[in-house]
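Single-letter residue listing:
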Amino acid sequence: MRTDDIANAFQAIAEEAQRLQSQDLPQEAQATVKTIISIAKHQTDIRQSPQGSCKAKH
C-alpha cells in the first residue's frame, strides 16, 4: 500500500473516532477513542511529513 493511501486511511480513522467522541459514551470508551485519535493523527503526520524531516537522534 502506498504511503499516501495509508496516511489517508489513518486520517479517516481519526475522523470517525472524532465522530464517536461527540456521542455519550462511558468514560472508559471515551479514553479509548482519545487514544485511537492520538495514534491515527500521529501516524498521519509521520506519513505526510517530507522524507528526511525527522531530526531524532539514532
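Residues numbered from 1 in each chain as written. Predicted model: local features only at pLDDT ≥ 70, side-chain atom pairs only at ≥ 80, totals over all residues. Heavy atoms only, no water.

**Quick word on the overall build of the protein chain**
Then step 1. Within the protein chain, the secondary structure is distributed over two helices and zero strands.
Then step 2. For 58 residues, the compact-globule formula gives about 10 Å, and the C-alpha radius of gyration of the protein chain, at 14 Å, lies well above that figure.
Then step 3. Across its three principal directions, the C-alpha atoms of the protein chain cover 40 × 25 × 15 Å.
Then step 4. Counting all 58 residues of the protein chain, 16% fall into the buried class.
Then step 5. Each charge sign in the protein chain was given a centre, from 7 positive and 7 negative side chains, and these centres are 11 Å apart. (Helix = DSSP H or I, 4+ residues; strand = E, 2+ residues; numbered from the N terminus. Rg over C-alpha atoms; globule rule 2.2 N^0.38 Å. Buried < 20%, exposed > 50% of the residue type's maximum accessible area, 1.4 Å probe, protein only. Lys, Arg positive; Asp, Glu negative; His and termini not counted. Charge placed at Lys NZ, Arg CZ, Asp CG, Glu CD.)

**Some details on helix 1 (residues 3–21)**
Then step 1. Between the first and last C-alpha of helix 1 there are 27 Å, a value that for 19 residues agrees with the 27 Å anticipated at 1.5 Å per step.
Then step 2. Burial in helix 1 covers these residues: Ala7, Ala14 and Ala17. Buried residues along helix 1 cover an arc of 85° about the axis, so they all sit on one side.
Then step 3. At its buried positions, helix 1 is contacted by helix 2 (27–48). (Expected span 1.5 Å × (residues − 1). Arc of directions from axis to C-beta. Contact = heavy atoms within 4.5 Å.)

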